Protein chains: 4
Amino acid sequence: MPRIGMEPMRRKALISAAIEAIHDRGMGQVTMSEIARRAGVSPALAHHYFGGKDQLLLATMRHLLAELGDEIQARLAKARTPRDRVSAIIQGNFAGQFRPAVISSWLAFYVQAQTDPQARRLLHVYTRRLESNLLHALRELTSRDRAAEIAEVTAALIDGLWIRRSLAEVDPDPDDAAKLVERAVLDALRRGDA
Amino acid sequence: MPRIGMEPMRRKALISAAIEAIHDRGMGQVTMSEIARRAGVSPALAHHYFGGKDQLLLATMRHLLAELGDEIQARLAKARTPRDRVSAIIQGNFAGQFRPAVISSWLAFYVQAQTDPQARRLLHVYTRRLESNLLHALRELTSRDRAAEIAEVTAALIDGLWIRRSLAEVDPDPDDAAKLVERAVLDALRRGDA
Amino acid sequence: MPRIGMEPMRRKALISAAIEAIHDRGMGQVTMSEIARRAGVSPALAHHYFGGKDQLLLATMRHLLAELGDEIQARLAKARTPRDRVSAIIQGNFAGQFRPAVISSWLAFYVQAQTDPQARRLLHVYTRRLESNLLHALRELTSRDRAAEIAEVTAALIDGLWIRRSLAEVDPDPDDAAKLVERAVLDALRRGDA
Amino acid sequence: MPRIGMEPMRRKALISAAIEAIHDRGMGQVTMSEIARRAGVSPALAHHYFGGKDQLLLATMRHLLAELGDEIQARLAKARTPRDRVSAIIQGNFAGQFRPAVISSWLAFYVQAQTDPQARRLLHVYTRRLESNLLHALRELTSRDRAAEIAEVTAALIDGLWIRRSLAEVDPDPDDAAKLVERAVLDALRRGDA
DNA sequence: AATGAATGAGTTTTCATTCAT
DNA sequence: GATGAATGAAAACTCATTCAT
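Residues numbered from 1 in each chain as written. Chains lettered and ligands numbered in written order. Predicted model: local features only at pLDDT ≥ 70, side-chain atom pairs only at ≥ 80, totals over all residues. Heavy atoms only, no water.

Draft legend 1. Region of the structure containing the interface of chain B and chain A. With 42 residues of chain B at the contact, the number on the chain A side is 42 residues. Summing both partners gives a buried area of about 3,800 Å² for chain B against chain A, and 58% of it is carried by carbon and sulfur. The largest contributions to the chain B side of the interface with chain A come from B:Gln114, B:Arg164 and B:Leu167, which together make up 20% of the buried area. At the junction of chain B with chain A, the criterion picks out 10 salt bridges. Across the salt bridge formed by A:Arg165 and B:Glu152, the nearest N and O atoms sit 2.9 Å from each other. At the boundary of chain B and chain A, one finds 21 residue pairs in polar contact (both at pLDDT 80 or more). Secondary-structure elements contributing two or more residues to the side of chain B that touches chain A are α1 (7-25), α6 (100-115), α7 (117-139), α8 (144-167) and α9 (174-193) of chain B. The element best represented in the side of chain B that touches chain A is α8(B), accounting for 14 residues. Its residues assigned to classes, the side of chain B that touches chain A shows 18 nonpolar, 10 polar and 14 charged. (Contact = heavy atoms within 4.5 Å. Buried area = accessible area lost by both parts, 1.4 Å probe. Salt bridge = Lys/Arg side-chain N within 4 Å of Asp/Glu carboxyl O. Polar contact = N/O pair within 3.5 Å; in protein donor to acceptor, adjacent residues only side chain to side chain. Helix = DSSP H or I, 4+ residues; strand = E, 2+ residues; numbered from the N terminus. Nonpolar A, V, L, I, M, F, W, Y, C, P; charged D, E, K, R; others polar.)

And the structure:
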C-alpha cells in the first residue's frame with residue numbers, strides 16, 4: 001500500500017542497507033537485489049529511486065560525507081580556541097561513523113575513487129575541506145610550513161587509524177583513537193617550540 | 001608455441017597483470033579476461049594456473065606482502081642502531097611498492113579483507129609483523145607504553161599516507177613520505193624525554 | 001510481457017522441456033539453454049526459478065516420481081482383491097510415463113543416482129514404496145518368503161522391460177508389457193501351489 | 001621413458017580407468033583428464049591412443065560387451081543340455097561384471113544408446129545375441145511362442161536385477177541374482193506343462 | 001612415445017536493468 | 001507507487017583437443 005511521502009524514507013533505508021551490504025558482502029560483491037532485500041523493497045524500486053546501482057552507491061557515499069561533515073561542523077561551531085578547533089576536527093572524525101560497517105564503506109569508496117572520477121571528485125572535496133580546516137586552525141599555532149606538515153600528518157593518521165581499526169577483532173574505541181591523534185599533534189607542535 | 005618451464009613465468013606475468021588491472025579497473029570490476037589479456041594469455045590458462053579468480057587475487061596479495069616484507073628485511077639487515085631499524089622499517093614501507101598501481105591493489109586488499117577471511121588472515125600476518133618489528137626497535141629507545149603507542153602511530157601513519165597518496169594527482173614521492181613519518185616518530189620520542 | 005502468476009506455469013513448462021531435452025540430447029549433454037529454449041524462456045529465467053541446473057534436473061525427477069506414484073495410487077484405490085492390487089501396481093508402472101522421452105529420463109536418473117546422493121535418495125523412496133506395495137498385496141496370496149521373492153522379481157521385471165523398450169525401434173506398448181509381467185507373477189504364484 | 005609394447009597396456013589401463021571414473025563421477029561428469037589421471041598418463045596421450053573422448057568411451061563399451069560375451073560363451077561351451085545352456089547364459093550375465101563400477105558403466109551406456117547411434121548399434125548386437133542364444137536353448141524346451149516370451153522375460157529380468165542391485169547399499173551377490181532368474185524361468189516353463 | 005603448454009568453444013551462472021500490470 | 005516477470009550481456013569456469021618439443 002503505497003503512501004505519499006514514502007520516498008525519503010525509502011531512500012534513507014536503501015542507503016543504510018547499502019552500507020550494511022557493503023560491509024557484509026564487500027563492494028565488489030554487493031548487488032542491487034541484496035541491498036533492496038535488506039531495505040525491504042523490490043530491486044526494481046531501488047533502481048527507480050536512484051536511477052541505477054552506481055548512483056545508489058554514489059548517493060551512499062555522499063550521505064556518509066555529509067554526515068561526517070556535519071559531525072565536524074557541529075563540533076567546530078562550539079570550539080573557541082585554535083587548539084579546540086583542532087580537537088573538534090579530530091574528534092568529529094572518530095565520532096558516529098567509527099563503526100565497522102561504515103569503515104568498510106569508506107574503504108570501499110576510497111577504492112572506488114581510484115578508478116571512478118565521480119567518486120574521486122567527491123572524496124577530494126572532503127579531503128580538501130578537512131585539510132583546509134586543519135590548516136586554518138594550526139596556522140594560528142605555528143608557522144605556515146609546520147602547519148602544512150602537521151595537517152598532512154593528522155589527516156593521514158586519521159585515515160590510517162580508520163583502516164587499522166577496520167581489521168581489528170574488537171570494536172573500535174573512538175576516544176582512544178582521537179586521543180592518539182591529539183597527542184601526536186601536540187608532539188609535533190612541541191617540536192616547533194624547540 | 002609451448003616451451004617447457006613456462007609456468008613460473010606465466011604466474012609472474014599474471015600477477016603483474018592483475019596488479020595493473022586492479023589499478024585500472026578496480027578490484028570489483030576486474031575480470032579474469034582482462035588480466036589474462038594483459039598477460040598475453042588466454043583466460044583459460046589463468047584459470048588453469050591459479051584455479052580461479054579468487055585464488056589469483058590472493059596469490060597477487062601474497063606476492064605483494066612478500067615483496068614488501070623482503071624490502072623491509074633487506075633494510076633491517078643493514079641497520080645497526082635501534083633508530084636505524086626504525087628508519088629501515090619506515091623506508092622499506094615507502095620503497096618499491098609506493099607506486100599508484102600497487103597502492104590501488106593494497107587498498108583493494110584491505111577492502112577484500114573486510115569480508116574475506118583468507119585475505120584478512122594474510123593481512124593480519126603482515127600487520128602483526130610490522131608492529132612487532134617496530135615495537136622491538138622502539139623498545140630500546142623508550143618505555144614499553146610509549147613504544148606501543150609510537151608503534152601504533154607509525155603504522156597508522158604509514159597506511160594513511162599510502163591511502164592519501166593514492167588520491168593525489170601527482171605521483172607519490174617515497175622520500176617525502178618516509179621523512180614525514182620519521183619526523184613524527186622523532187617528535188613522539190622527544191615527548192618521552194620531557 | 002510479464003503477467004502475474006506465471007511461476008507455476010513456467011516451472012511446469014521447464015520440467016516438460018527438461019524431459020524432452022534429456023531424451024533428445026542425453027542427460028550428460030543437456031544444457032540449461034537447450035531446456036530454456038524449448039520452454040520458450042531465457043536461460044536466466046530457468047536459473048531464477050530453479051536455482052541451477054542440478055536443481056532443475058532434480059525437480060524433474062521429483063515430478064516424474066510423483067506422477068508415477070499418482071498413477072499407481074489411482075489404480076490401487078479402485079482395486080478390490082489382492083490380485084487386483086498387484087495388477088494395479090503393474091499396470092500403473094506401464095501407464096502414462098511409458099513413452100520414449102520419459103523412459104530416457106528415468107534411465108538418466110538411475111545413472112544420476114549412481115553418483116548423486118540426492119538423486120539416490122529420491123529413487124530409494126520410490127523403490128521402497130513400490131516393493132512395499134507389492135509385498136503387501138502378495139503377502140495375502142502366498143507365504144512371506146515367496147511374496148518377497150515375487151516382489152523382487154516383479155520390480156526387476158518392470159525396470160528391465162522399461163530399459164529394453166527404450167532401445168526398441170518401435171514405440172513401446174504398455175499393455176503388452178503389463179501382461180508379460182502379470183503372467184510372470186501368475187507363473188511364480190503357481191509354483192507356490194505345487 | 002617410453003618402452004616398446006606399452007600401447008596395449010596403456011589402452012587397457014585407460015579403459016579400466018574409464019570404468020572407475022564413470023562409476024565415481026557419472027557419465028555426464030567424466031572427463032578425459034580424470035580418466036587419464038587415474039590411468040597415470042597425460043590427457044594428451046589418452047587422446048592420442050583413442051582419437052577422442054567419444055571413441056574412448058565406445059572402446060570401453062566394446063570392452064565390456066566383449067568381456068560379457070566371453071563369460072557367456074565360456075559357460076555355453078561346457079553346457080550339455082538345453083537347460084544347462086539357459087543356466088549358462090543366466091550365470092554368465094551375473095559373473096565377473098556384476099560389480100558396482102561395471103554396473104554403473106552399463107547403465108551409462110544404456111543412456112548413451114538413447115541418443116548415440118553408435119552406442120545403440122553396439123548394444124543392439126549384444127541384446128540380439130543374448131535373446132537369440134536364449135531362444136535357441138528355450139526352443140528345445142517349449143513352444144516357439146512360449147520360448148519367445150520366456151526369452152524376453154529372462155532378458156528383462158537380468159537387466160532389471162542389474163539396475164536394482166546398482167542402487168542397493170550392499171555389494172550385489174551374483175549367485176542370488178542368478179538363482180532368482182533361473183527359478184523364474186522354471187516357473188514360466190512349468191506353465192507350458194500345464 | 002609422451003607430455004606440458006595452451007586455447008577455443010561452449011557451459012553455467014550472475015545481475016543490473018526494463019517493463020507490463 | 002510498486003513489483004513480479006523477464007532478459008541481455010557479461011562473467012567465471014570447464015574441457016576436449018592441438019601442438020611443439
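Next, the rest of the story.
Draft legend 2. View of the relation of the copies chain C and chain D. Under the fitted operation, chain C is carried onto chain D by 0.0 Å of movement along the axis and a turn of 180 degrees, and the coordinates agree to an RMSD of 0.1 Å. On this basis, the relationship between the two copies can be described by a two-fold rotation axis. Both copies present the same face, since 98% of the interface residues in chain C are matched by interface residues at the equivalent positions in chain D. (Least-squares fit on C-alpha atoms with pLDDT ≥ 70 in both.)

Draft legend 3. Region of the structure containing the protein's contact with DNA strand F. Close to DNA strand F lie 35 residues, the nearest being A:Tyr49, B:Lys53, C:Arg10, C:Ala44 and D:Lys53. In DNA strand F, atoms within 4 Å of the protein come 75% from sugar and phosphate. Here a phosphate oxygen of DNA strand F sits 2.9 Å away from a polar atom, N or O, in the main chain of B:Lys53. Within the side chain of D:His47, an N or O atom sits 3.0 Å from a sugar or linking oxygen of DNA strand F. Top element by residues in the surface near DNA strand F is helix α3 (residues 43-50) of chain A. It accounts for four residues. Its residues assigned to classes, the surface near DNA strand F comprises 17 nonpolar, 12 polar and six charged. (Near = heavy atom within 4 Å.)

Draft legend 4. Spatial organisation of the protein's contact with DNA strand E. Within the structure, DNA strand E sits among 37 residues, and A:Lys53, B:Arg10, B:Ala44, C:His47 and D:Tyr49 are positioned closest to it. For DNA strand E, the fraction of atoms within 4 Å of the protein that belong to sugar or phosphate moieties is 72%. Residue B:Tyr49 places a side-chain N or O atom 3.1 Å away from a phosphate oxygen belonging to DNA strand E. Listing elements by their share of the surface near DNA strand E, those giving two or more residues are α2 (32-39) and α3 of chain A, α1 and α3 (43-50) of chain B, α2 (32-39) and α3 (43-50) of chain C together with α1 (6-25) and α3 (43-50) of chain D. Looking at which element gives the most residues to the surface near DNA strand E, the answer is α3(D), with four residues. Its residues placed into classes, the surface near DNA strand E shows 19 nonpolar, 12 polar and six charged.

Draft legend 5. Quick look at the packing of aromatic side chains. Inspection of every chain in the model, using the stated rule, returns 16 aromatic pairs over all chains. Consider the rings of A:Phe94 and A:Phe98, whose centres lie 5.0 Å apart with planes at 85 degrees: the pair is edge-to-face. Residue A:Phe94 shares its accessibility class with A:Phe98, and that shared class is buried. Residues C:Phe98 and C:Trp162 carry aromatic rings whose centres are separated by 5.4 Å and whose planes lie at 65 degrees to one another, so their mutual orientation is edge-to-face. Note that C:Phe98 is positioned in the loop between α5 (82-93) and α6 (100-115) and C:Trp162 in helix α8 (residues 144-167), a separation of 64 residues in sequence. A residue is classified by how much of its surface remains accessible, and C:Phe98, at 3% relative accessible area, is buried. A relative accessible area of 8% places C:Trp162 in the buried class. (Phe/Tyr/Trp six-rings, centres within 6.5 Å; stacked < 30°, edge-to-face > 60°. Buried < 20%, exposed > 50% of the residue type's maximum accessible area, 1.4 Å probe, protein only.)

Draft legend 6. How the structure looks around α3(C). Residue and element names in this part refer to chain C. Of all the positions in α3, only Ala-46, Tyr-49 and Phe-50 are classed as buried. Summarising the axial view, the buried residues of α3 lie within an arc of 80 degrees, below the 170-degree limit, and thus occupy one face. Turned more than 90 degrees off the buried face of α3, the exposed positions are Ala-44 and His-48. Considering only its buried residues, α3 is in contact with α1 (7-25), α2 and α4 (53-78). Residue Gly-51 follows α3 closely and has a positive phi angle near 85 degrees. (Arc of directions from axis to C-beta.)

Draft legend 7. Summary view of the relation of the copies chain B and chain A. If you rotate chain B by 180 degrees and push it 0.1 Å along the axis, it lands on chain A with an RMSD of 0.1 Å. A shared interface surface links the copies, since 100% of the contact residues of chain B are contact residues in chain A too.

Draft legend 8. A look at the pattern of salt bridges. What the rule picks out here adds up to 56 salt bridges over all chains. Here A:Glu34 makes a salt bridge to A:Arg38, at a shortest N to O gap of 2.9 Å. Highlighted residues: A:Glu34 and A:Arg38, both in helix α2, separated by four residues, approximately one helical turn. Assessed through its relative accessible area of 33%, A:Arg38 is described here as partly exposed. Here D:Asp187 ties to D:Arg190 by a salt bridge, and the two come within 3.3 Å at their closest N and O atoms. With D:Asp187 and D:Arg190 both in helix α9 (residues 174-193), this residue pair falls three residues apart, about one helical turn. Look at D:Asp187 and you get buried, because its relative accessible area is 2%. Classification of D:Arg190 by relative accessible area gives partly exposed; the value is 36%. Look at the salt bridges and you will find they share partners, linking A:Asp24, A:Arg25, A:Glu34, A:Arg37 and A:Arg38 into a network.

Draft legend 9. How the structure looks around the arrangement of the chains. In this structure chain A stays clear of chain C, and the shortest span between their C-alpha atoms is 13 Å. In this structure chain B stays clear of chain C, and the shortest span between their C-alpha atoms is 20 Å.

Draft legend 10. Local environment of the interface of chain C and chain D. Of the residues lining the interface, 42 residues belong to chain C; the matching set on chain D comes to 42 residues. Overall, the association of chain C and chain D removes approximately 3,800 Å² of surface from exposure, summing both partners, and the carbon and sulfur fraction of that is 58%. The three residues of chain C that bury the most area against chain D are C:Gln114, C:Arg164 and C:Leu167, which together make up 20% of that side's buried surface. Between the two partners, chain C and chain D, sit 10 salt bridges. When the shortest N-O distance is used, the salt bridge between D:Arg164 and C:Glu131 registers 2.9 Å. On inspection of chain C and its partner chain D, the count reaches 21 residue pairs in polar contact (both at pLDDT 80 or more). Elements represented by at least two residues in the side of chain C that touches chain D include exactly α1, α6, α7 (117-139), α8 and α9 (174-193) of chain C. Counting residues per element, the side of chain C that touches chain D draws most heavily on α8(C), which supplies 15 residues.

Draft legend 11. A look at the side chain of C:Thr60. Residue and element names in this part refer to chain C. Relative to the helices and strands, Thr-60 resides in helix α4. Classification of Thr-60 by relative accessible area gives buried; the value is 0%. Among the polar contacts listed, one links the side chain of Thr-60 to the backbone oxygen of Leu-56, at a separation of 2.8 Å. Leaving out residues up to four positions away in the same chain, Thr-60 has contacts with Ile-15, Ala-18, Ile-19 and Phe-109.

Draft legend 12. Structural view of the packing of α1(C) against α4(C). Residue and element names in this part refer to chain C. At a minimum axis distance of 9 Å, the contact between α1 and α4 shows a crossing angle of 95 degrees. As the angle between them shows, α1 and α4 are arranged roughly perpendicular. The residues of α4 that touch α1, namely those facing Leu-14, Ile-15, Ala-18, Ile-19 and Ile-22, are Leu-56, Leu-57, Ala-59, Thr-60, His-63 and Leu-64. Broken down by class, the residue content of the contact of α1 with α4 amounts to nine nonpolar, two polar and no charged. (Axes fitted to C-alpha atoms, helices over the stretch in contact; angles between N-to-C directions. Parallel < 35°, antiparallel > 145°, perpendicular 65-115°, else oblique.)

Draft legend 13. Up close: the environment of B:Arg191. All names here are of chain B. Within the element layout of this structure, Arg-191 appears in helix α9. With relative accessibility at 19%, the residue Arg-191 sits in the buried group. Between the alpha carbons of Arg-191 and Ile-163 there is a distance of 27 Å; along the sequence they are 28 residues apart.

By themselves, these figures tell us nothing about what the structure is for.
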